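Secondary and tertiary structure notes
Chain by chain, the residues run as shown.
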Amino acid sequence: MGWALALHGGAGDIPRSLPAELKEARLATLRRCLDVGTAALRAGRPAIDVVELVVRELEDCPHFNAGRGSVLTADGTVEMEACVMEGATLRCGAVAGLSTVVNAVSLARLVMDRTPHIFLAFHGAEAFARDQGVETKDPTHFITEHNIERLRQAKEANRVQIDYTQPLQAQAPTDDNSQLGTVGCVAIDAAGNLATATSTGGLVNKMAGRLGDTPMVGAGTYANALCAVSATGKGETIIRHTVARDVAALMEHRGLTLRDAAARVVGGAPRGDVGLVAVSAAGEVCMVHNTTGMFRACATEGGHAE
């Protein structure tokens, strides 16, 4: 027992040949966010606050596909998504289609805390953000030169690309912002409360208006009294397989451990499509993927950290 948390920066076709200096930029962010989360848990902050805090930090980092680093739609725009959920109460909030909100995860938290609803999207979500006085920026703030180039490559190949898809041109630049990933965090606090949060910019070259798994409760994000899960990868696959909820369901109805449930769910999805991080009510931590790789980190009150 005791507190525990895990976080991810996206799963996908991460090359084993990725230069150390490019990989280290992301690992350094994961380490910093892990420190932020563990410090908050040690200070007695509730799990829902911790996952929001950690994901905000990840959204502010341009190395990952969320917030400032969000990838572009086929129209060259940004459409961000996020979701938060508490395990004990099943309270949850989700947002999608955001183009100006600096921290989508915090707007999702406000949907959970201050509305009778669960999911707000596009103009309604943006209007709610203005009403709540959350920080916003002009849409151009989220459009980086790196993601403009990534969209150009995807359009040239006529492809919709998931996190960490490699550039197709042999001579394409390998700068550290050319590959990006969805972000998420799960935690259990010292009082035994579970929570999860996930945030993303979606797929490169996706159709404008496309919604992914991240804001869909039970698909990319889910928590109940048994576990908290944040998924990453190909959204369409995660939605079809109700990945996050299936982990909880196997624990609830089949009596599986978190590790066994997560392994079965991820193993049953098409290879190369899915990764997740999860924590259980017993403080067990699981980080599993069927992709080439997944940027991830975890820590427990018992002293384990990676």
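It should be emphasised that the depicted structure is a prediction, and the values quoted were computed from it without experimental measurement.

**Describing the UniProt feature "binding site: substrate" (unreviewed entry) in the protein**
- UniProt records the feature "binding site: substrate" (unreviewed entry) for R210, L211, G212, D213, T232, G233, K234 and G235 in the present numbering.
- On the basis of relative accessible area, R210 is assigned to the buried category, the value being 14%.
- Those residues in contact with R210 that sit more than four places away from it in its chain are E79, E81, G202, L203, G235 and E236.
- Among the structural elements, K234 can be located in the loop between β8 (227–233) and α6 (235–240).
- With a relative accessible area of 33%, K234 lands in the partly exposed category.

**Focus: the sheet that holds strand β4 (residues 119–121)**
- Taken in spatial order, the seven strands make up an open sheet running β4-β3-β2-β6-β5-β1-β11, and their pairing is mixed. Where the open sheet ends on each side, the last strands, each with one partner, are β4 and β11 (293–300). Each neighbouring strand pair of the sheet contributes to a mean axis angle of 5°, computed without reference to strand direction.
- Bridge analysis of strand β1 (residues 4–12) against strand β5 (residues 183–188) gives five bridges, and the strand direction is antiparallel. Considered in β5, the bridge of H8 is made with G184.
- Against the sheet, helix α1 (residues 20–42) makes contact with β1, β5 and β11, and its axis sits at roughly 25° relative to β11, the strand it touches most.

**Focus on unusual backbone geometry**
- The phi torsion at F122 lies on the positive side, around 50°, for a residue other than glycine.
- Relative to the elements of secondary structure, F122 occurs in helix α4 (residues 122–132).
- Positive phi outside glycine occurs at N205, with the angle close to 70°.
- Relative to the helices and strands, N205 is located in the loop between β6 (194–200) and β7 (221–223).
- Residue classification places N205 among the buried positions, given a relative accessible area of 11%.

**Observations concerning the side chain of T221**
- Considering the arrangement of structural elements, one finds T221 in strand β7.
- The exposure class of T221 is buried, given its relative accessible area of 0%.
- Within the structure, the side chain of T221 is placed 2.8 Å from the backbone oxygen of T214, a separation counted as a polar contact.
- Once you skip the residues sitting within four places of it in the chain, T221 turns out to touch C83, T196, T198, D213, T214, M216, V229 and A244.

**A look at the pattern of salt bridges**
- As enumerated under the stated definition, the model contains 14 salt bridges in all.
- Here R109 makes a salt bridge to D49, at a shortest N to O gap of 2.9 Å. Here the residue R109 occupies a position in helix α3 (residues 104–114), and D49 occupies one in helix α2 (residues 47–59), the gap between them amounting to 60 residues.
- According to the relative accessible area criterion, D49 is buried, its value standing at 19%.
- Residues D113 and R91 are paired through a salt bridge, measuring 3.1 Å at the closest nitrogen-oxygen approach. Here D113, found in helix α3, pairs with R91, found in the loop between β2 (80–86) and β3 (92–98); they are 22 residues apart in sequence, far enough to count as distant.
- Salt bridges sharing common partners tie together R45, D49, E52, E86, R91, R109 and D113.

**As for the environment of T144**
- Within the secondary structure, T144 is located in the loop between α4 and α5 (145–157).
- Put simply, T144 and P62 are 82 residues apart on the chain and 8.9 Å apart in space, counted from C-alpha to C-alpha.

**Focus: the UniProt feature "active site" (unreviewed entry) in the protein**
- Mapped onto this numbering, the UniProt entry gives "active site" (unreviewed entry) at T182.
- By the secondary structure assignment, T182 is in the loop between α5 and β5.

**Considerations on the nonpolar core**
- Of all hydrophobic cores here, the largest spans 51 residues; its most connected members are L5, L7, V54, L58, V95, L98 and L107.
- Setting aside its immediate chain neighbours within four residues, L7 contacts L30, C33, L34, V54, L58, G184, C185, V277, F295, R296 and A297.
- By size, the runner-up hydrophobic cluster in this structure holds 40 residues, among which are A11, A228, M294 and C298.

**Notes on α3**
- Most of α3 sits out of view: nine of its eleven residues are buried.
- All of the buried residues in α3 are A104, V105, S106, L107, A108, R109, L110, V111 and M112.
- Contact partners of the buried residues in α3: α2, β2, β3, β4, α4 and β6.

**As for the environment of G293**
- In this structure, G293 sits in strand β11.
- Its relative accessible area of 10% is what places G293 among the buried residues.
- With residues near it in sequence (within four places) discarded, G293 still touches G10, A11, G12 and I14.

What counts and how
Residues numbered from 1 in each chain as written. Predicted model: local features only at pLDDT ≥ 70, side-chain atom pairs only at ≥ 80, totals over all residues. Heavy atoms only, no water. UniProt positions renumbered as here; feature names shortened; annotations may be inferred. Buried < 20%, exposed > 50% of the residue type's maximum accessible area, 1.4 Å probe, protein only. Contact = heavy atoms within 4.5 Å. Helix = DSSP H or I, 4+ residues; strand = E, 2+ residues; numbered from the N terminus. Pairing = 2+ DSSP bridges. Axes fitted to C-alpha atoms, helices over the stretch in contact; angles between N-to-C directions. Polar contact = N/O pair within 3.5 Å; in protein donor to acceptor, adjacent residues only side chain to side chain. Salt bridge = Lys/Arg side-chain N within 4 Å of Asp/Glu carboxyl O. Core = buried A, V, L, I, M, F, W, Y, C linked by side-chain atoms within 4.5 Å.

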